[in-house]
Amino acid sequence: MIGHHGPAFAFWLSYLEHRGGLWEQSGDTVLAILPGHLSAQHDLPETALITDDPDIAREDGVLFLGSGNPEIDKAAETIIDAGDVGALTLPHRTKQTSTEDLLAKIRDQVPVDHGRIDATGSILRSHRSLLRLGALVTHTISADERFTEVAECVLDVPSRVAWAKDAADRLLSAIGTAEAGGGPEVRASRLTPAVAAAHRELDTAAARRGQELSIEADTERSAEITRATEYYTAALAAIDKRRTGADEQRRALLDARTQATIGERDRRLAEISEKYRHQHVLRPYRLHLIDVPVWRLATDVRRGERRWPMVFDYLPSLGTVAPTRCPTCDAHSPLVATKTHLGCGTCVPATTPPLRLAPVAEKPRQERAARNVPPTGAGAAPVPAHKRQPRDDTPGTDRMRHGAAPVLPTAVRPVAARRPFLPGKPEERKVVDFWNLVGTGETRKLSRLIAPESPLAALTQLYGAAGPLHGIGVPAGHPPHSFTYANYDRPVVGQRGGTAGELRTHHDQYPYLLLWSPDKLLDEILPYSAPWHLGRAQRILEPPTHVPAPSTDLDQVAQLLLTRVTTRHGLTFAARALAAWWRLPDPDILLARFSPRVVAATVDRAVRYWSGASQAGYPDAAAAFTVDQPDIRKATPMLQKQLQLSSTRNW
Ligand SMILES: [Zn+2]
């Protein structure tokens, strides 16, 4: 099975097989054995452990062969050069049904508005052509980022309609197991429009994929634009400052410099936009023509005394009638029998709304990337004055770079079985209470709004009511005076409900995102307001990495997690790691076998790995805590047994 590998990796494995190599799954890597010529051609060892998981690839001796690897492109070039072109016919296997049964199936699956389908002949065993077009799609996301993946389309040749993904998969698996006969006759007149249609399908899908990909690049682009804008704003302000009090001659000089700087800024901004222009290129490498068995039935579509002949093909391997096109306008739409002719929903003007919606075999819906609607109708509220000021023991505090947090749509993972809780009006009131209690320093009341064993609970355990402030980078001694808030109306950050806004002090503004637990309690605070996944946000934001002294005594593991994880990856990850450590049912089992350093390294790696963070490999954790990698590997399953971490349960 190649099923769970990424498309580029799966492609490489099947390439390996076809070129005389062998491969076998070996734990979470693949052991590949390359024949001599292949090893030489790709400059790879004859036996190698390979993977397309960048985390695993960081380990010693495991080669990365994921999307974008030049060896994958090289393999593809070889196939394109060789041209994987073929034709085959699949034999009939299934027992034929009765005409009545087949007619019932057709009537069921092909609704004809105002019409009725009657058989005019008996079942004919026949074949129908499918076209399978495989292509390499190279996406250029930015000037620095380009990668290639494999895309495939299975198209019904007579109708030029693409089969939906699940149907295509079933058809292809039937091909894999069939003893094929000779190839079908290729009639170029029918094939050319079909190839063009398949190519268009792939092109549309690639453009859609490009849009998804550029969302991620957009965040990088806007960060870069923000940086450039800030730089030039500061430069212009400096010139302006020198202009005051300067004599006339010097002023003219400074004015010229202002004009030059503005020109330079505009060129730079245009450059950045050009750098992030998405493009894709399709390179077809596989063209298969496959004749699949069908049961063909000649019919008349009737309306009263009028009759229009139609032939339907039924694919027993799918249990589906093949797609049809309108005999009048050639559209792929539900048929409509009018008083004068047989048309379809496209060419016949709808005088009244159709009585029932036809369940036609539509293309798969691929708009998986649900749009995250940015928070609207933000409220704003003042924070009451502090009862007590937090100690200012933080000279030279690192402030996170903020303001570079435009709210952008983001790809949401397929919906989890349990529906996430989305905040409403009552939760807005809770957020108002939350910030007010933070402002007045009432830790005990604050804890009632916070989910137990959560990262937010870890922050309040460390710093009392100031925990959430440290979590978004507010330096100690900077009391908040107001904030805004608004609920996301879609799940964010790995299927969770979120309320976002900005907290203001007299010195600065701090975006925040509060996340809700299924029990309608707050379980995490993130130092940005966009609906980004933490792993993704980590790549473009500088998280708060300063560690104020905790107001409570910590055990050794907790102390290590707080200091080392915060310095390297920010307080948000440290809070997740501490939440995980503190909710372990039986920490002593681990401490009996491993040193506190190894346990801390294991918790840190596991939490960041499941958070989708970069650099979440064993080597990084081993270096951070100065321990041996094999010890972390040994401790990892013991930890995971207790914590059951997953991509939706990251702590
Ligand atoms: Zn029509």
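Report follows, based on the coordinates.

Definitions and cut-offs
Residues numbered from 1 in each chain as written. Predicted model: local features only at pLDDT ≥ 70, side-chain atom pairs only at ≥ 80, totals over all residues. Heavy atoms only, no water. Donors = N, O, S within 2.8 Å, 3.2 Å for Na, K, Ca; no water. Tetrahedral: all angles 85-135°; square planar, octahedral: opposite > 155°, others 65-115°. Buried < 20%, exposed > 50% of the residue type's maximum accessible area, 1.4 Å probe, protein only. Pairing = 2+ DSSP bridges. Helix = DSSP H or I, 4+ residues; strand = E, 2+ residues; numbered from the N terminus. Axes fitted to C-alpha atoms, helices over the stretch in contact; angles between N-to-C directions. Contact = heavy atoms within 4.5 Å. Polar contact = N/O pair within 3.5 Å; in protein donor to acceptor, adjacent residues only side chain to side chain. Patch = residues over 30% accessible without salt bridge, like charges linked within 9 Å, V, L, I, M, F, W, Y side chains within 5 Å. Areas by Shrake-Rupley, 256 points an atom, 1.4 Å probe, with all protein chains shown as cover. Salt bridge = Lys/Arg side-chain N within 4 Å of Asp/Glu carboxyl O.

## Here's the deal with the coordination of the zinc ion
- Taken together, Cys326 (SG), Cys329 (SG), Cys344 (SG) and Cys347 (SG) make up the protein donors of the zinc ion, found 2.3 Å from the metal.
- Here the zinc ion is ringed by four donor atoms whose angles at the metal span 102 to 113 degrees, and the overall shape comes out tetrahedral.
- Mapping the donors of the zinc ion onto the primary sequence yields the spacing C-x2-C-x14-C-x2-C.
- Looking at Cys326, the relative accessible area reads 4%, which means it is buried.

## With respect to the sheet that holds strand β4 (residues 62-64)
- Judged by pairing direction, the sheet is mixed, and its four strands sit side by side in the order β1-β2-β3-β4 without closing on themselves. What marks the edges here is a single partner per strand, and that holds for β1 (22-26) and β4. The average undirected angle you get between the axes of adjacent strands in this sheet is 35 degrees.
- In this structure, strand β2 (residues 29-33) lies alongside strand β3 (residues 47-51), joined through four bridges in antiparallel fashion. Residue Ala32 lies in a different strand from β3, and its bridge partner there is Ala48.

## Side note on the environment of Asp156
- Relative to the elements of secondary structure, Asp156 occurs in strand β9 (residues 146-156).
- For the pair formed by Asp156 and Pro323, sequence separation is 167 residues and the distance between their alpha carbons is 7.6 Å.
- If sequence neighbours within four positions are ignored, Asp156 has contacts with Arg128, Ser129, Leu130, Val161, Trp163, Ala322 and Pro323.
- Of note is the side chain of Asp156, whose polar atom sits 2.7 Å from the side chain of Arg128.

## Here we look at a nonpolar patch on the surface
- Taken together, the side chains of Leu22, Leu31, Ile33 and Leu49 define a hydrophobic patch exposed on the protein surface, amounting to about 310 Å² of accessible area.
- With respect to the helices and strands, Ile33 occurs in strand β2.
- The class of Ile33 is partly exposed, set by a relative accessible area of 36%.

## Thoughts on the side chain of Ser517
- Relative to the helices and strands, Ser517 is located in the loop between β19 (509-516) and β20 (522-526).
- Ser517 gets classed as buried once you look at its relative accessible area, which sits at 5%.
- Those residues in contact with Ser517 that sit more than four places away from it in its chain are Phe421, Ala451 and Asp523.

## Describing the environment of Ala616
- With respect to the helices and strands, Ala616 occurs in the loop between α17 (596-610) and α18 (618-624).
- With 10 residues separating them in the primary sequence, Ala616 and Ala606 have C-alpha atoms 7.8 Å apart.
- Sequence-distant contacts of Ala616, defined by excluding residues within four places in its chain, comprise Asp55, Arg58, Arg605, Arg608 and Tyr609.

## A word on the sheet that holds strand β6 (residues 112-113)
- Taken in spatial order, the three strands line up as β6-β14-β15 in an open sheet, and their pairing is mixed. Since the sheet does not close on itself, it has two edges, and those belong to β6 and β15 (342-344), each with one partner.
- Bridge count for β6 against strand β14 (residues 335-337) is two bridges, and the pairing is parallel. Across the sheet, residue Asp113 finds its bridge partner in β14, namely Val336.

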